[in-house]
Each structure stands twice: as structure tokens, then as C-alpha cells.
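Each chain, written out:
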Amino acid sequence: MTNDEAAAIVQAVIASVLDTDANGIDQDTPLIGGQAQIDSIKLVEVCLALEDRAEQLGFEFDWTSEATLSRSRSMFRSVGALAEVFAKQAGGGK
Amino acid sequence: MSAASEGLLERLARIWEGVDHPFLIHPAGNLTFADILGQPPVDLTSVHRGDVVALIGDFDARSVHTLLRLFDLGAIVVPLTAATRAQHDYFLETALVDTVIDAAGVHRRENRHLRPRTHPLLEELRNDETAGLILFSTGTTGQPKAILHDLDHFIRRFDRPNPGLRALSFLLFDHIGGLNTLLQALFNRRVIVAPSGRTVDAVLDDCRRHGVEALPATPTFLRMLLLSGAVPQGVPETIRLITYSTERMDQPTLDALCALLPDVEFRQTFGMSELGIMRVASKARDSLFFNLGGRGVETRTVDNVLWIRTPARMRGYLNAPSPFDSEGWYNTGDIVVERDGFYKVTGRADDVINVGGLKFMAAEVEQAALALDAVLFAKAVGRDNPLTGQHVELLVQPVPGANLDTAELKAQLQQRLPAHMMPRRLRIDAVPVSHRYKLV
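Keep in mind the model is a prediction, meaning the values are calculated, not measured. (Residues numbered from 1 in each chain as written. Chains lettered and ligands numbered in written order. Predicted model: local features only at pLDDT ≥ 70, side-chain atom pairs only at ≥ 80, totals over all residues. Heavy atoms only, no water.)

Engineer: Just checking my understanding: could you explain the overall build of chain B for this structure?
Structural biologist: When its secondary structure is counted, chain B shows 13 helices and 24 strands. In terms of C-alpha radius of gyration, chain B reaches 23 Å, essentially the compact-globule figure of 22 Å for 440 residues. The principal-axis extent of the C-alpha atoms belonging to chain B is close to 70 × 50 × 40 Å. Across the 440 residues of chain B, 52% fall into the buried class. Contacts in chain B between residues at least 24 apart in sequence constitute 65% of all its contacts with a sequence separation of at least 6. Working note: accessible area of chain B is about 20,000 Å², and carbon and sulfur atoms make up 50% of it. Put simply, chain B has 47 plus and 52 minus side-chain charges, and the middle of one group is 2 Å from the middle of the other. (Helix = DSSP H or I, 4+ residues; strand = E, 2+ residues; numbered from the N terminus. Rg over C-alpha atoms; globule rule 2.2 N^0.38 Å. Buried < 20%, exposed > 50% of the residue type's maximum accessible area, 1.4 Å probe, protein only. Contact = heavy atoms within 4.5 Å. Areas by Shrake-Rupley, 256 points an atom, 1.4 Å probe, with all protein chains shown as cover. Lys, Arg positive; Asp, Glu negative; His and termini not counted. Charge placed at Lys NZ, Arg CZ, Asp CG, Glu CD.)

Written as C-alpha cells, this is what we have:
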């Protein structure tokens, strides 16, 4: 899976959780901080939905373990950052 | 002759002299005390005071006879059943068992002599020259704990006669509640009825046929009972008392039962193997508040958690550190609300969920789900995450035949729960129930 493919999945999941369309969401869309359009509990839902998506794709998406967090402290910074971790765990990430 | 110097078997024989009704009504055949006394005795010549003896048996004449004789010999008894056979090796090792008695006979464990081991708590009991009882906990995490009780403490409560009601019992031979039921019946000439099945229909049918007066149940069984439509017409008039325990009861279920069965007393039970048997009194039949009594039982709360101190507490675990503080208090881990000296359990200390600093009990989420008509069981857990600390995940089992999807469930829960308590993942599936305490 490429980072772009992962970003498309993350964008679609966010759109679904926020019940909006994916057009206004791009790789630079912030997920945490003052600029973020999504609150932390919605972001939890996004990550849980990504877990489910990963399961369908045949891998486990880990966003809670210390190991993952210490490797990528900024994974929740933006859509692109989250997508990169998702792609890497899927066995891609180019 | 004083009760203290008289053996148990002798004492019970005197209590049952001239009485010919059975103490146990069982689908496989009734049991009278004469049946116990008439048993060909198992050869216990190799068993000595202070020996640890595993007795693999059940509520049959031979096992009960042997159990009473082992107590009279001053042995430390480990009652086991065939149902836990897969764990017996672990149990025998942990309890440092010297002798095993099963259907085939008496076996001395030879290998023990190669590696002589003992435990300070067993030595303490031997020095006190009292018989003992070792029971295994059935915790869901970690290895079962070996709980050592002093038999004198366990038996002392039977000094005072307590006639009691004709009760249904699931007869757990390896459980403190089961042994308490057996000894209560034997000391007080009570009758216990073993049910032929665990379904609502089987239990009600057994109650009707045998004139059962007291029905011990779990909230799960009582919810099934309400759903079955058997209340009130299908509940036999002989039933005067229904007790419930082991899981948290919810007020709507209790209210419904109290309204439909106005002549039945409802009482909560509360106990743990570590603390021996305690007397529990509900504040009222429709109240979830209760208090604890019995000889020397003391209670207090620390940060809303219930602590108990009782002289009937175990001597200790053989395979874990003591759970008592230096003054003998035991932290039950139950979060309670206190009112006028009565307690209501609202959850477990480890069931507190903290979402972004807002704390609540898993049970509060479960209750919101259980309040929906289509929901039979609900299990909420807090799961750690790096964003909000924790979030709620909920597993729901629908009432048979109900149509329930996650979208509808979510919509309904949103009307009942504040945002931080909303489950962020919903699953609809069978809710697993641990096999032994959830009896009916």
C-alpha cells in the first residue's frame, strides 16, 4: 500500500465519521491542535474505523501501543502522518 | 459430651437420629443421612492429622462420608470435582497434596517424598492442630489461587441451630458456597434440591415438584425469567425467597420482579471465598442496598471502595501474597455508595473508565444498554488509547428474535448517554458468561 492509497482510506474514514464529504480533507488536514476540525474523541473513532479497515485488508493497525507511539510521536499531527503509519503497518509506505 | 470434643460425624448422626427424610433431593436419587452412615468406609489408615488430602468427588454418599471423616481426622482437605480434571495437576502441586482420594481409591503421592516441601501457612495450621480446607479461586486472570481456611472457623457458625428454607442448590463440591450449603443442611436437618437443568423451565419445574422455598439465582437468570413470560403465573407459590448475587443486579429488573411477585422476599447475597461466609441483609426487598453481619464482621470504605474484616477470613493463599493489610482488612475492590450503614455496589474499582479525565463506571454504560427492550446482555469495557486516555467499547447480545443493528443501537444510546460515555465501538454478538458463578 502506498502512502497515497492509505491517505485516501484515512480521508474516506474521516468523512464517514464526521458525516461529511471527503473533498475538504487532504493530506495536510490537521488532526490535533487548534486548527483541527475533528475533536479527540472523533479521532478515536477514526482510529477504530481504521482498525476495522485494516482487519478487512488483512493486517492489524496498531495506534495505541507504546512501541508505535514512540516510533511516530506525531502520527496524529495530520492526515498524511496518520496515513504514513497506516501504510507502513500494511507493509508498504513508499 | 461437648460439641467441641465430639467428632463431626458423631455430632451429625445425633442430629439426624430418628429422622428419615433426605437432606438431598437429586435427579440421580435422594440421599439421607443414613445413606452416608451406611457407606462402606474408604480406608483412611494412611491419612494422618495435618496431611493435605485431595478428595475428588461430588455430592454423593461416599464423598460426603469421606469428607466428614477427613475433617474428623484433622486433615487439610482439598475438595475437587471431575469437572476441573484438566487443572488437577496444578491444584495438587500448589496445595502440596500428600494423598489423593478418587473413585478408584486412596493414592499416596510418592514423588512428594523426593522433594519434601511445605508452606508456612500449612505448618501454622498443623501447629494449631485444626483441620483445614483448601479451595481454588476461579478468577478470570492468572492462575487460580489456593485459599486456605481453618475448618474450626468454618464450622463454628453451625453451633447455633438455623432451620432455614428448602432451597434449590447447584451443589458445587469444590466451592465454599456449595460446602456451606451442604453443612447448613446437615447441621440443621434442611433439605436441598439439586435441579435437573439450568433453563428457566427446568428450574421452575423442579421448584414446583419439590416444594422449593428458596431460589438462589443470578441477575442474568432473573432477566431470562422475566423475558420468558413465566412471571408471575409460572412461579410456584412455594417460593418465598429469591436471592441474587455474583453480578450486579439492575434496579429495573428488581423493580419488575418485586411488582410481579409481591409475596416473594428478594435478598442480595455477597461473599468471597477469601472471607468465609458472611450474613447479608438487604435494606428492603426492592433495594440494592445491603449490610454485612455475622460474628465479628466489620466493614468500612476507603475512597468509596468496600473493605471487610472478619475473623472467618482465610489463613492466606498458598501461591500468592496475602491480600490482607497489617490489621487484617481485605480490599474487596467493590465500589460502593453508603447510606445509613447500608452499601450498594456500583462497580468494581478496576471497572472505572476514565475518558479525558471524566470518570464513570462500565456498569453505567451497560445499564443504559440493558434499558433498551432489544438488549439481553451488555458488557462495556474501557480501552486505553493515546488520545483520550480511554474510550468505551460495548458488546451487546440482543433478546432472541429482536432486530438490532449497530446504527440503531448507537442512535438509541446517544439519547441516554453523555458524549464521553458513548461507546466508540459497538459490537452485536453473544456476551460470554463465565461458566461457574453464573449458575442460573
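Engineer: Explain the overall build of chain A to me, please; I cannot follow it from the model alone.
Structural biologist: When helices and strands are tallied, chain A shows 4 helices and 0 strands. Of the regular secondary structure in chain A, the N- to C-terminal order runs α-α-α-α. A compact globule built from 94 residues should have a C-alpha radius of gyration of about 12 Å, and chain A, at 12 Å, falls within 12% of that. Projected onto the principal axes, the alpha-carbon positions of chain A cover approximately 30 × 25 × 20 Å. When contacts within chain A are restricted to residue pairs at least 6 apart in sequence, long-range pairs at least 24 apart make up 61% of them. Accessible area of chain A: about 5,100 Å², with a carbon and sulfur share of 44%. Taking the 7 positively charged and 15 negatively charged side chains of chain A as two groups, their mean positions are separated by 8 Å.

Engineer: Would you mind showing me how to read helix H8 (residues 176-188) of chain B here?
Structural biologist: Because each turn of an α-helix spans 3.6 residues, side chains separated by three or four positions in sequence point in the same direction. Residues and elements named next belong to chain B. In a regular helix each residue adds 1.5 Å, so 13 residues correspond to 18 Å; H8 covers 18 Å between its end C-alpha atoms and thus fits that length. For H8, the buried fraction is high: 11 of the 13 residues fall into the buried class. Turning to H8, its buried residues number three or more, namely Ile176, Gly178, Leu179, Asn180, Leu182, Leu183, Gln184, Ala185, Leu186, Phe187 and Asn188. (Expected span 1.5 Å × (residues − 1).)

Engineer: Mind showing me how you'd approach the interface of chain A and chain B here?
Structural biologist: The parts lose accessible area when they come together, and the size of an interface is often stated as this lost area. On the chain B side, the residues contacting the 14 residues of chain A number 12 residues. Surface buried jointly by chain A and chain B totals about 1,100 Å² across both partners, of which 65% is contributed by carbon and sulfur atoms. The three residues of chain A that bury the most area against chain B are Ile41, Glu45 and Leu48 of chain A, which together make up 42% of that side's buried surface. Counting every contact that joins chain A to chain B gives 5 residue pairs in polar contact (both at pLDDT 80 or more). Among the elements that make up the side of chain A that touches chain B, the one with the highest residue count is helix H2 (residues 40-57) of chain A (9 residues). The residue inventory of the side of chain A that touches chain B, partitioned by class, reads 9 nonpolar, 2 polar and 3 charged. (Buried area = accessible area lost by both parts, 1.4 Å probe. Polar contact = N/O pair within 3.5 Å; in protein donor to acceptor, adjacent residues only side chain to side chain. Nonpolar A, V, L, I, M, F, W, Y, C, P; charged D, E, K, R; others polar.)

Engineer: Is there a simple way to explain the UniProt feature "domain: AMP-binding enzyme C-terminal" (unreviewed entry) in chain B in this structure?
Structural biologist: UniProt's feature table lists "domain: AMP-binding enzyme C-terminal" (unreviewed entry) at residues 364-428 of chain B, given in the numbering used throughout. Helix and strand shares over residues 364-428 of chain B are 25% and 42% respectively, and the end C-alpha atoms of the span are 18 Å apart. (UniProt positions renumbered as here; feature names shortened; annotations may be inferred.)

Engineer: I tried to follow the environment of Ile25 of chain B on my own but got confused; where do I start?
Structural biologist: All names here are of chain B. Position of Ile25 relative to the elements: it lies in strand S1 (residues 24-25). Taking the relative accessible area as the measure of exposure, Ile25 reaches 10% and is therefore buried. The spatial distance from the C-alpha of Ile25 to the C-alpha of Ala61 is 13 Å, given a sequence separation of 36 residues. For Ile25, the contacting residues outside a window of four places in its chain are Asn30, Arg166, Val191, Ile192, Val193, Ala194 and His210.

Engineer: Would you take a moment to explain the nonpolar core for this structure?
Structural biologist: One recurring pattern in soluble globular proteins: nonpolar side chains tend to sit buried together. Grouped together as the largest cluster of nonpolar side chains are 43 residues, with contacts concentrated most on Leu68, Leu70 and Leu186 of chain B. Among the secondary structure elements, those contributing two or more residues to this core are helix H1 (8-15), helix H2 (33-37), strand S2 (52-56), helix H3 (61-73), strand S6 (132-136), helix H7 (151-156) and H8 of chain B. At 7 residues, the largest contribution of residues to this core is made by H8 of chain B. Residues within four places of Leu186 of chain B in sequence aside, it is in contact with Leu12, Ile15, Trp16, Phe23, Phe33, Val64 and Leu68 of chain B. Counting residues in hydrophobic clusters, the runner-up holds 32 residues, among them Leu50, Ala54, Phe59 and Ala87 of chain A. (Core = buried A, V, L, I, M, F, W, Y, C linked by side-chain atoms within 4.5 Å.)

Engineer: Before we go on, may I ask you to explain a positive patch on the surface in this structure?
Structural biologist: All names here are of chain B. There is a patch of like positive charges on the surface, built from Arg156, Arg157, Arg160, Arg279 and Arg295. Looking at the element boundaries, Arg160 is found in the loop between H7 and strand S8 (167-168). On the basis of relative accessible area, Arg160 is assigned to the exposed category, the value being 56%. (Patch = residues over 30% accessible without salt bridge, like charges linked within 9 Å, V, L, I, M, F, W, Y side chains within 5 Å. Salt bridge = Lys/Arg side-chain N within 4 Å of Asp/Glu carboxyl O.)

Engineer: I tried to follow the sheet that holds strand S22 (residues 375-385) of chain B on my own but got confused; where do I start?
Structural biologist: For sheets, the rule is that strands pair by backbone hydrogen bonds, running either parallel or antiparallel. All names here are of chain B. One open sheet holds the 3 strands; their spatial order is S22-S23-S24, and the pairing between them is mixed. Because the sheet does not close on itself, it has two edges, and the strands there are S22 and strand S24 (423-428). On average, each strand axis in the sheet is tilted by 20° relative to the strand beside it, whichever way the strands run. Both S22 and strand S23 (residues 389-398) contribute to a ladder of 10 bridges, which runs antiparallel. Pairing of Asn385 across the sheet is with Gly389, part of S23. (Pairing = 2+ DSSP bridges. Axes fitted to C-alpha atoms, helices over the stretch in contact; angles between N-to-C directions.)

Engineer: It is not clear to me how the sheet that holds strand S5 (residues 105-108) of chain B should be interpreted in this structure. Could you clarify?
Structural biologist: Residues and elements named next belong to chain B. Taken in spatial order, the 7 strands of this open sheet run S5-S4-S2-S3-S6-S7-S17, and their pairing is mixed. Every interior strand has two partners, whereas the edge strands, S5 and strand S17 (316-317), have only one. Of the pairings in the sheet, the one linking S2 to strand S3 (residues 76-80) comprises 5 bridges and is parallel in character. Counterpart to Val53 in the pairing with S3 is Val77. The sheet contacts of H3 involve S2, S3, strand S4 (99-102), S5 and S6, and relative to S2 the element is tilted by about 170°. The strands touched by helix H6 (residues 120-127) within the sheet are S2, S3, S6, strand S7 (146-150) and S17, with S7 carrying the most contacts at an inclination of about 15°.

Engineer: What is the right way to look at helix H12 (residues 362-370) of chain B in this model?
Structural biologist: When you tally the buried positions in H12 of chain B, you get 7 out of 9 residues, the bulk of the element. Within the span of H12 of chain B, buried status applies to Ala362, Ala363, Val365, Glu366, Ala368, Ala369 and Leu370 of chain B.

Engineer: Which parts of the structure should I look at to understand the packing of helix H9 (residues 200-210) of chain B against helix H10 (residues 219-227) of chain B?
Structural biologist: To characterise two packed helices, one gives the angle between the axes of the helices and the distance between these axes. All names here are of chain B. H10 packs onto H9 with a crossing angle of 90° between their chain directions and a minimal axis gap of 10 Å. Taken together, H9 and H10 sit at an angle that is classed as roughly perpendicular. Residue-level contacts link Val200, Val203 and Leu204 of H9 to Phe221, Met224 and Leu225 of H10. Taken together, the residues of the contact of H9 with H10 break down into 6 nonpolar, no polar and no charged. (Parallel < 35°, antiparallel > 145°, perpendicular 65-115°, else oblique.)

Engineer: What exactly am I supposed to notice about the pattern of salt bridges here?
Structural biologist: Close approach of charged atoms allows side chains with opposite charge to pair. One pass over the structure, following the stated rule, counts 22 salt bridges over all chains. When the shortest N-O distance is used, the salt bridge between Asp52 of chain A and Arg425 of chain B registers 2.7 Å. Note that Asp52 of chain A is positioned in helix H2 and Arg425 of chain B in strand S24, a pairing that runs across two chains. Judged by its relative accessible area of 34%, Asp52 of chain A is partly exposed. The buried category is assigned to Arg425 of chain B, whose relative accessible area is 15%. In this structure, Asp51 of chain B engages Arg108 of chain B in a salt bridge whose closest nitrogen and oxygen atoms are separated by 3.2 Å. Within this pair, whereas Asp51 of chain B is found in the loop between H2 and S2, its partner Arg108 of chain B is found in strand S5, the two being separated by 57 residues in sequence. The exposure class assigned to Asp51 of chain B is buried, which follows from its relative accessible area of 10%. Classification of Arg108 of chain B by relative accessible area gives partly exposed; the value is 30%.

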